[in-house]
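# Examination of the molecular architecture
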Amino acid sequence: MNKYLIYLNAKRCIGCHGCEIHCKVNKNLPVGPYLCEISHEPLVAVKGVPKTEFHFRSCYHCEDPYCVPICPKNAMIKREDGIVYIDEEKCIGCMACAGACPWGIPQYNPETGKAVKCDYCKDRVDMGLKPACVTKCTTHALKFVTMQEVN
Amino acid sequence: MSETVWSMCGMCSVRCPIKVEVDGNRIKWLEGNPHLLGGALCAKGSAGVALRNDRERPQQPLIRDGGRGAGKWEPVSWDTAIEYIGEKLDIIIDRYGARAVMLSCRGGPFMDLFKTFIHGLGSPNFTNHDSACGRNVHHASLSVYGLGRKGFIYDIKNSKHLVLFGRNIFASLRIAEANQVLDMLDNGGSLTYVDVRQSLTGIKATRFFQVRPGTDYALALGMINGIIKADAYDKEFVDRYTTGFNQLASFVEPYTPEWAAKECGIKAKKLKDFISEVSEQAPQVIFHPGWMLSRYRDSFYASRAIHILNVLMGNIEVKGGQLFPKGPGDCGVKGLRSLDSQVPKPEEKRADGVGWKYRHFDKGPGLFHLFYDAMLTEDPYPVKGVICYRHDPFNCFPDPAAQKEALDNTDLLVSIDTHYSEFGWYSDVILPESMYLERDSIVATQKGPKPRFIVRRKAVDPKFDTKPAWEIFKLLADRMNIGQYFPYNSIEELWQWQLEPTGHTIEEFEGKGFVSLADEPIMYDRDNLDGKFKTPSGKIEFISQKLADAGLASLKPYESPRKAPKGNFRLIFGRSPVHAHGHTVNNPLLNELMPENSLWINKRAAAKLGISEGDLVDVISASSIGTIKAHVTEFIHPEAVYTVHGFGRQVPLQSRAYHAGMSDQKLQSGKLMDMDPAGGGLCLCEVFVTVRRSTKNPKRRVEL
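Being a predicted model, the structure only gives us computed values, none of them experimental. (Residues numbered from 1 in each chain as written. Chains lettered and ligands numbered in written order. Predicted model: local features only at pLDDT ≥ 70, side-chain atom pairs only at ≥ 80, totals over all residues. Heavy atoms only, no water.)

Another aspect to go through is the nonpolar core. All names here are of chain B. One finds L219, L248, F287, L312, I316 and I540 to be the most contacted residues of the largest nonpolar core, which totals 87 residues. The leading source of residues in this core is helix α14 (residues 299-313), at 10 residues. Viewed by domain, this core spans two of them, domain 1 (2-53) and domain 3 (153-323 + 524-549), each represented by three or more residues. Sequence-distant contacts of L219, that is, excluding residues within four places in its chain, are made with F165, V194, F209, V211, A260, C264, I266 and L271. Listed in part, the 59 residues of the second largest apolar core include L103, I387, W470 and Y485. (Core = buried A, V, L, I, M, F, W, Y, C linked by side-chain atoms within 4.5 Å. Buried < 20%, exposed > 50% of the residue type's maximum accessible area, 1.4 Å probe, protein only. Helix = DSSP H or I, 4+ residues; strand = E, 2+ residues; numbered from the N terminus. Domains from an automatic or database assignment. Contact = heavy atoms within 4.5 Å.)

This next bit is on helix α1 (residues 18-26) of chain A. Along α1 of chain A, eight of the nine residues are buried, which leaves the element largely enclosed by surrounding structure. Two residues or fewer after α1 of chain A comes N28 of chain A, characterised by a positive phi angle close to 55°.

Our next topic: empty space enclosed by the protein. Taken as a whole, this structure holds 11 cavities of 30 Å³ or more when the rule is applied. Taken as a whole, the largest cavity spans an internal volume of roughly 360 Å³. Surrounding the largest cavity, 29 residues form its lining, G10, L51, T418, H419 and H583 of chain B being those nearest its centre. Of the residues assigned to the lining of the largest cavity, the class counts are 11 nonpolar, nine polar and nine charged. Here the second largest cavity is characterised by a volume of approximately 110 Å³. Contributing to the lining of the second largest cavity are 14 residues, with C59, C62, P65, C67 and C101 of chain A lying nearest its centre. Its residues placed into classes, the lining of the second largest cavity shows 12 nonpolar, one polar and one charged. (1 Å grid on protein atoms, 1.4 Å probe; cavity = no way out; pocket = protein on both sides within 12 Å on 5 of 7 lines; lining within 4 Å. Points joined across faces, edges and corners; volume = space filled by probe spheres on them. Nonpolar A, V, L, I, M, F, W, Y, C, P; charged D, E, K, R; others polar.)

All names here are of chain B. The side-chain alternation of strand β13 (residues 285-288) yields two buried faces, one formed by V285 and F287 and the other by I286 and H288. Where strand β9 (residues 161-165) lies against β13, four bridges are found, and the strand directions are parallel. The residue of β13 that forms the bridge with H161 is V285. (Pairing = 2+ DSSP bridges.)

In this section: the packing of helix α9 (residues 216-229) of chain B against helix α12 (residues 257-264) of chain B. Residues and elements named next belong to chain B. Packing of α9 against α12 brings their axes to within 8 Å, and their N-to-C directions diverge by 165°. On the basis of the axis angle, α9 is roughly antiparallel to α12. In this structure, α9 meets α12 at a crossing whose hand is left-handed. From α9, A218, L219, G222, N225 and G226 reach across to α12, where they touch P257, W259, A260, E263 and C264. (Axes fitted to C-alpha atoms, helices over the stretch in contact; angles between N-to-C directions. Parallel < 35°, antiparallel > 145°, perpendicular 65-115°, else oblique. Left-handed = near helix turned anticlockwise from the far one by under 90°.)

Let's shift gears to the packing of aromatic side chains. Residues and elements named next belong to chain B. Taken as a whole and assessed by the stated rule, the structure comprises 35 aromatic pairs over all chains. Where Y217 meets Y301, the ring centres are 6.3 Å apart and the plane angle is 40°; that geometry is what we call tilted. Linking Y217 in helix α9 with Y301 in helix α14, this pair joins segments that are 84 residues apart in sequence. When its relative accessible area of 5% is taken as the criterion, Y301 is described as buried. The structure contains a cluster of three or more aromatic residues connected by ring pairs, namely Y145, F152, F237, Y241, F324, Y524 and F533. Sitting over the face of the ring of W600, R197 holds its NZ or CZ atom 4.6 Å from the ring centroid. Lying across the ring of Y642, R197 places its NZ or CZ 3.6 Å from the centre. (Phe/Tyr/Trp six-rings, centres within 6.5 Å; stacked < 30°, edge-to-face > 60°. Lys NZ or Arg CZ within 6 Å of the ring centre and 35° of its normal.)

Structure representation (structure tokens):
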């Protein structure tokens, strides 16, 4: 079962897009791929105030991910704790994973010629830290939670 | 091996405290200082790493080799550049005196260096960007409290209601402040937002007043009237600490909430509900007096009225209100030693007329735009040398073409900056400063309920042949034979010299990045604030003698803003949280996030003009045209169009930002000298433009 989840407290999100850049800088990504994104619906007036809420999206780390079996090099791996990540050594950049993913989550990194995707910053998580987007969220709107906490 | 460096961000003027993890000469990680910001950082802050790696910034000193602005540069050594500047300054000083040299910066906590240099030369002409920013708010605050705009800090977290007049607090984005606002909202507080359009801040508001552009003053007057009529002001506080209340009360008599609602184009009931709400929440109500209020012809008076609203709430020195910032003196600690205080004060009159011709203005930094007048007319005397540190007047002030005309009467233009500014591109010498992760800065004081000393530390070595400000000004000073005012040879010596009277050492900054001077917030006795207001009367002045002496009203009768001529729109500008004006538009990562600005236009107005979402539109002012994509929305007032400031850059070496988007200041033709006579701020939103669907929209496809 997936252990982790990134949750956005939309009440605190101000749409500053900090998380997207925190992620890119931590993963040393060039212009091109974004591993997470903030989006919003068009404004709608609620009690006279035009409002919208922001959504955060990264990889869903599916229970039964389509991207894993499609990979011809077994470079897409699901860990015990549910994190789906790419073994960069094995990846050949064929992007079959992006085709298999219903949301096209894996991105092409033009600098390495390989696929790249959100892995909840597993290196940080393994050190007891939180993903970059959560750690540095401008308004502490993003939370890294484990399923036990949600229950 | 990884090393931790405690430092300060430098991507925008907020200068958030940061923690940087460095491996060798590589930045492994950076985040907001966990002790002060809980790790939080904005997009700009993280993108500092991209700035460091960006080659599209000046990499060594450059001396102009062709005509000004032609973009032909000779890369030179630091010795050659400093000697070149020295020779030019020698000639200017010899011919016209030291007063013919001026220096401008963007303000901030490190000004001691720059002031010392210009004052050491013997010139009084130190200035900054503020006449295109907060001067109206600052002067309004001085006229009411005798204290400048930094004379209060806002305890937003503990307030019950924050009222923002166009202060787009989540886009301007001071991280600590933004979190305070959200904490207040989480605690059930109210947020009232006033603007001509909906913004990132307004979507979090509990109440939104979309007002007609230029009517903020009317709204504030209506609020004052309603609060006085409802007897909801803090009588005890007003009696004890203010003068002129009766005049204020009779002045606002005609400005009823009904009148204000009509003038602003909002519902009277909504305004009355607001008045009842704040009446109950006082004194934990904060009316933000504005930040960048160089906007309308009456912005000074609008800000004055907002300051007065705070006084009526009695919110001074109460939890959840406006607090006096406490300094080292309040903690029994001596302040930092100042370089500038060793320099004899130049006796000369300022070239911008501030302090003698304009006595009601703060002569600290004066008003930059008035120097252009002196350059053109040589009255009161010629200004021949301009040094801009980290300040780009062409991006900041209106009408760069008019600015260039004035600058053509000068003999030396020097730009000291980490990136190519538009001014730098036009100047004679560019001295490249190391970007903030590559430099140390002098120790600075941060006042507040818990004051502290902070310092920026170099995290990595400069990638290019750049230098930090403390060294650049030392080199210039030595060349100009005023090295005695810069009594140090290294930053360590300078820190020690600064800190000596305080009893603290630079080692104490290790581990946290700052030295806190108080464990608990310091509060003054609210019943004994005598002496805290620095007005001539020692009271909070609703009626200011200083203004009267300058022939200005303290309470100016309201005049309705000029209606846009038929087919015209008022051009309003603002900010995005991902950019710091023009400073970051060429940053690879931030440019990717927001490569260009758009023109917000009202849905009905757009329909009449045949403009649809995403169409390219020409935005036409008296002398300039900008072309950008339209954003069609019902959430902007039909009299206004809006764009984000900082785009439309014309420095060819900034390939990403070059001609991307539209520059609002280039459309502000004829506005360089259009100053609010009472506040000193420029009237940047008194610009009308027409909009048409651009012929650049493709009509047909002729390829296969």
